[in-house]
Amino acid sequence: MNDTHSSPIAELRDVTKVYRQGALEVHALRGLNLSIERAEFSAVCGPSGSGKTTALNIMGALDKPTSGEVLLEGTDLAKLSRRVLSHLRRDRIGFVFQAYNLMPVLTAFENAEIVLSLQGVVPEERRERVMGLLADVGLEGLEDRRPDELSGGQQQRVAIARAIAGNPAIVLADEPTANVDSENAEHLLDIMEALNRDRGVTFLFSTHDPRVMERARRVVRIVDGKVESDDRRA
Amino acid sequence: MAWRNVWRNRRRTLVTIAAMSLALLVMILYAGLMAGYFRDMERNILDLEVGDLQVFAQSYRDNPSLYTRIEDPDGLLGSLEAAGVQASGRLLAWGLAAGEDTSSGASFRGVDVERDTQVSKIHREVADGEWLDPADPKGVVLGRRLARTLGVKRGGEVVVLTQGADGAMAYDLFRVRGILKGIGDATDRAGLFMNEAVFRELLLVPEGAHQIIVRRSQEQPLEGVADLVRSVAAELDVKTWRQLLPTLASMLDSGRSAMMVMFVIVYIAIGIVILNAMLMAVFERIREFGVLKAIGVGPFEVLRLIVVESAIQTGIAVAIGATLAVPGLYYLSHTGIDLGGMSMMGIAMDPIWRAEASPETFTQPIVVLLCIVAVAVIYPALKAALIEPVEAMRHQ
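Residues numbered from 1 in each chain as written. Chains lettered and ligands numbered in written order. Predicted model: local features only at pLDDT ≥ 70, side-chain atom pairs only at ≥ 80, totals over all residues. Heavy atoms only, no water.

## Notes on the packing of helix 11 (residues 286–294) of chain B against helix 13 (residues 359–386) of chain B
Residue and element names in this part refer to chain B. The condition is simple: Here, axes are lines fitted to C-alpha atoms. For helices the fit covers the stretch in contact, and angles between N-to-C directions go from 0 to 180 degrees. Each helix corresponds to a stretch of at least 4 residues labelled H or I by DSSP, and each strand to a stretch of at least 2 residues labelled E; elements are numbered beginning at the N terminus. Each angle gets one of four labels, with under 35 degrees taken as roughly parallel, over 145 as roughly antiparallel, 65 to 115 as roughly perpendicular, and the rest as oblique. The contact criterion used is simple: two residues touch if any of their non-hydrogen atoms lie within 4.5 Å. Throughout this entry, Asp, Glu, Lys and Arg are counted as charged residues, while Ala, Val, Leu, Ile, Met, Phe, Trp, Tyr, Cys and Pro are counted as nonpolar. The remaining residues, Gly among them, count as polar.
Contact geometry for helix 11 and helix 13: axes closest at 9 Å, N-to-C directions at 45°. Between helix 11 and helix 13, the interaxial angle falls into the category oblique. Residues I286, F289 and K293 of helix 11 form the contact with helix 13, whose own contacting residues are A384, A385 and L386. Looking at side-chain class alone, the contact of helix 11 with helix 13 contains 5 nonpolar, no polar and 1 charged residues.

Okay, structure coming up:
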């Protein structure tokens, strides 16, 4: 994998995605080009059905494009097997989902730890890293709680800790503030901003939330599966 | 995680485990009862009536005659004993038995009382009175229907009338020493057992035997023993019980096949229940599997997680089912089910139906259950392992 600072971390080149719904063809992406650089704090926005979540899913190797190229750190994902793709998601990509998607049977600590376990990190190091991460996201003392014992905002903070635990190249966050109240949304954004600023974690959001768009240093607007505007801020 | 997943939906898990445990319990008891049924049926045939093999003089079976005998039964019995099988000779004849008011055709069987106990357990099947005793030469034992026909009871008198080897009328008065339980149609209806010495004296048959009954140990294969006996008794007619009772042998074989068909049907039904439970357990969590795959859990790990979850449930079910089966099988193998006496194809069945309790009684249903679970879990596990993460996460 290419690890130079000059090349983009993730890149979509002329990507199309067509879904079939019975006899109907839905064109979610129509030749989308998008390049994400290291340490970006960017957001993809657009109306419902514009293709922003599809773009994130394809960039995160969760879905395959109908045509076009998807590159992660210079590697063409189309050439990778199912198993290698799962290793890539484990080691290089972090996900934060709108609905948190924590494992209900695991505690906050175990949820945040799961990627490190998959990576084969030894238990002592796992514990040290996860405890540090949970402290960073403000969950000190709540490590042993299960998701149903945490608020929505707290669950999303566990999800953020899980997403960055494995030191991914990029964190893809799909509507991360959609299910939390304003105060928690601001707090989550503070956390992610701090991680981006202090640890250099690359974030790409898919969002409707104006608060996210205000904080993002780059906002890409997608309409009808194509980039309509790409607004970079200082 | 697998252990916690198993218990997250406690009620469904308990229902699944209960279904599997119950199925296993039923299958173990059913397997034990059916094995016991066939074991007892075969044992009755062999122990009480025919033995494993019978040896006759050539042509005797085609034309049973007092004069067609095995010439040197003692020599043959010695050879068979030296070859490692138990054997005893019998004398056979037909005639008339008469009670006080009625008479009936009877099959007279002259028995070497001491030796016969090594090849037959009929001496244990006396319902009323006692088995033959050389010290009581005039004591005979009757089949239960013959006794009823003649209207005699234990201690009653029976006149035996037949033709001796010299062609003259032979008759004598005997005392009923015992009346048998139900053995089989032929014995029940006409069997009249007497001491060998008395038979020889009555029918003027000083030497020879009409029939030699041979028994083998359980380890010895039937055909192997048959070959052995044929090599010792080359000039004689050697028949296995399967040749003597082909209909019954084939009925036993087809009974065992029918039992296997029943097993398959029951197992398929169990398999559908387990498949349904596994499908529910996997598909209601398909979104979770999508998330696991999204964060880097590989297809094999997902497969392993589901297999481990079902292995935990199956392990608990096997432990419960097998544990419950132990007292059940103990009861069925010791006390059994009282059928009140019945016969099949002329062979008496034990009035008590007892199960067979052996390691196979447990291992076969357990192995089959494990195979069913493996087959039932493979589809949902593969489905979860191979589904695209995004497709799984769209699942509601």
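## Observations concerning the sheet that holds strand 6 (residues 93–96) of chain A
All names here are of chain A. We count it as follows: Two strands pair under a simple rule: DSSP has to find at least two bridges between them.
If you trace the 6 strands from one edge of the open sheet to the other, you get 6-7-8-3-9-10, paired in mixed fashion. At either margin of the open sheet sits one strand with a lone partner, and together these are strand 6 and strand 10 (226–232). Averaged over all pairs of adjacent strands, the angle between their axes in this sheet comes to 20°, without regard to strand direction.

## With respect to the interface of chain B and chain A
The condition is simple: Each of two parts loses accessible area, computed with a 1.4 Å probe, when they are put together; buried area is these two losses added. The salt bridge definition used is simple: a Lys or Arg side-chain nitrogen within 4 Å of an Asp or Glu carboxyl oxygen. Two N or O atoms count as a polar contact when they lie within 3.5 Å, although within protein this holds only if one can serve as hydrogen donor and the other as acceptor, and sequence-adjacent residues are included solely when both atoms are side-chain atoms.
On the chain A side, the residues contacting the 23 residues of chain B number 25 residues. Buried surface at the junction of chain B and chain A, summed over both partners, amounts to about 2100 Å²; 62% is from carbon and sulfur atoms. Broken down residue by residue, the surface that chain B buries against chain A is led by R4, I295 and V390 of chain B, which jointly contribute 29%. Counting across the chain B and chain A interface gives 2 salt bridges. With its nearest N and O atoms 3.9 Å apart, the salt bridge here joins R82 of chain A to E388 of chain B. Seen at the junction of chain B and chain A, the total is 4 residue pairs in polar contact (both at pLDDT 80 or more). Listed by contribution, the elements that provide at least two residues to the side of chain B that touches chain A are helix 1 (2–8), helix 11, helix 12 (299–334) and helix 14 (389–394) of chain B. Among the elements that make up the side of chain B that touches chain A, the one with the highest residue count is helix 11 of chain B (6 residues). Residues belonging to the side of chain B that touches chain A are distributed by class as follows: 12 nonpolar, 3 polar and 8 charged.

## Details of the packing of aromatic side chains
To keep it simple, the criterion reads: In summary, the pairing rule links any two rings of Phe, Tyr or Trp, Trp by its six-membered ring, whose centres are within 6.5 Å, and it sorts them by plane angle into stacked for under 30 degrees, edge-to-face for over 60 and tilted for everything else. Classification of residues uses two cut-offs on accessible area relative to the type maximum, computed with a 1.4 Å probe and protein chains only: under 20% is buried, over 50% is exposed, and between them is partly exposed. Both a distance and an angle decide whether a charge sits over a ring: NZ of Lys or CZ of Arg must be within 6 Å of the ring centre and within 35 degrees of the ring normal.
On inspection of all chains with the given rule, the structure shows 9 aromatic pairs over all chains. On the basis of an interplanar angle of 70° and a centroid distance of 5.7 Å, the ring pair of F41 of chain A and F203 of chain A is categorised as edge-to-face. Of this pair, F41 of chain A sits in strand 3 (residues 41–45) while F203 of chain A is found in strand 8 (residues 203–207), placing the two residues 162 residues apart along the sequence. An identical accessibility class is assigned to F41 of chain A and F203 of chain A; each is buried. Relative to Y60 of chain B, the ring of F56 of chain B has its centre 5.9 Å away and its plane inclined at 5°; by these criteria the two rings are stacked. Neither residue differs from the other here; F56 of chain B and Y60 of chain B are each classed as buried. Members of the aromatic cluster, connected to one another through ring pairs, are F41, F203 and F205 of chain A. In this arrangement the basic side chain of R127 of chain A is found over the ring face of F109 of chain A, its NZ or CZ atom lying 4.9 Å from the centre.

## Section: the nonpolar core
Basically, it comes down to this: Residues belong to one nonpolar core when they are buried, are Ala, Val, Leu, Ile, Met, Phe, Trp, Tyr or Cys, and are joined through side-chain atoms within 4.5 Å.
Formed by 112 residues in total, the largest nonpolar core has its most connected members in L12, M59 and I170 of chain A together with V55, I212, V214 and I274 of chain B. By residue number, the principal contributor to this core is helix 2 (residues 10–50) of chain B, which donates 17 residues. With residues near it in sequence (within four places) discarded, I274 of chain B still touches M20, L369, I372, V373 and A376 of chain B. One finds A43, V158, F203 and V212 of chain A within the second-largest nonpolar core, a separate group that totals 41 residues.

## Brief notes about the confidence of the model for chain B
Put simply, the rule reads: What pLDDT reports is the predictor's confidence in each residue, on a scale of 0 through 100.
Taken over all residues, the pLDDT of chain B has a mean of 88, while the share at 70 or more is 96%. Listed scores for the predicted complex are pTM 0.68 and ipTM 0.85.

## Here we look at the side chain of T240 of chain B
You can see T240 of chain B is positioned in strand 10 (residues 237–240). On the basis of relative accessible area, T240 of chain B is assigned to the buried category, the value being 1%.

## Remarks on the pairing of strand 1 (residues 10–21) of chain A
All names here are of chain A. Relative to strand 2 (residues 24–36), strand 1 runs antiparallel, the two being bridged by 10 bridges. Considered in strand 2, the bridge of T16 is made with R30. Here strand 1 folds back onto strand 2, and the loop between the two strands holds 2 residues, one of which, G22, carries a positive phi near 65°. Of the pairings in the sheet, the one linking strand 1 to strand 4 (residues 67–72) comprises 5 bridges and is antiparallel in character. Pairing of E11 across the sheet is with L71, part of strand 4.

## Here we look at the packing of helix 10 (residues 246–283) of chain B against helix 13 of chain B
Residue and element names in this part refer to chain B. We apply this condition: Left-handed describes a crossing whose near helix is turned anticlockwise from the far helix by less than a right angle; the clockwise case is right-handed.
Two numbers describe how helix 10 lies on helix 13: the axes approach to 9 Å, and their chain directions differ by 35°. Between helix 10 and helix 13 the crossing geometry is right-handed. On the side of helix 10, the interface is formed by M260, Y267, I270, G271, I274, L275, M278, L279, V282 and F283, while helix 13 contributes Q364, P365, V368, L369, I372, V373, A376, V377, Y379, P380, K383 and A384. Counted by class, the contact of helix 10 with helix 13 contains 19 nonpolar, 2 polar and 1 charged residues.

## Some words on a nonpolar patch on the surface
Residue and element names in this part refer to chain B. The test is simple: Each patch is assembled from residues with relative accessible area greater than 30% and no salt bridge, linking like charges that lie within 9 Å and nonpolar side chains (Val, Leu, Ile, Met, Phe, Trp, Tyr) that lie within 5 Å. Where accessible areas are quoted, they stem from the Shrake-Rupley method and a 1.4 Å probe; at the residue level, only the protein chains shown are allowed to cover.
Taken together, L96, V159, L161, M169, Y171 and L173 make up a surface patch of nonpolar side chains, about 550 Å² in accessible area. Put simply, the parts of the chain that give the nonpolar patch at least two residues each are strand 6 (157–163) and strand 7 (169–180). Broken down by element, the nonpolar patch gets its largest block of residues, 3 residues, from strand 7. Relative to the helices and strands, L96 is located in strand 2 (residues 86–98). Note on L96: relative accessible area 34%, which makes it partly exposed.

## Observations regarding the side chain of T16 of chain B
All names here are of chain B. For T16, the location among the structural elements is in helix 2. Reaching out from T16, the side chain makes a polar contact with the backbone oxygen of R12 at a distance of 2.8 Å. Filtering out sequence-adjacent residues up to four positions away, T16 remains in contact with A277 and Q313.

## What about the pairing of strand 9 (residues 218–223) of chain A?
Residues and elements named next belong to chain A. Bridge analysis of strand 3 against strand 9 gives 4 bridges, and the strand direction is parallel. For A43, the partnering residue across the bridge sits in strand 9 and is V219. As paired strands, strand 9 and strand 10 are joined by 6 bridges and run antiparallel to one another. What sits directly across from V223, in strand 10, is K226. The hairpin formed by strand 9 and strand 10 contains 2 residues between the paired strands, and D224 there has a positive phi angle of roughly 50°.

## Observations concerning empty space enclosed by the protein
All names here are of chain B. To be explicit about the condition: Both cavities and pockets are sets of points on a 1 Å grid over the protein atoms alone; in a cavity a 1.4 Å probe fits but cannot get out, in a pocket the set is open with protein on both sides within 12 Å along at least five of seven lines, and lining residues sit with an atom within 4 Å of a point. Grid points are joined across faces, edges and corners, and a volume is the space filled by probe spheres set on the points.
One pass over the full model with this rule turns up 3 cavities of 30 Å³ or more. In this structure, the largest cavity encloses a volume near 130 Å³. Taken together, 14 residues make up the lining of the largest cavity; nearest its centre are R12, A281, R285, E309 and Q313. Only helix 1, helix 2, helix 10 and helix 12 provide two or more residues apiece to the lining of the largest cavity.

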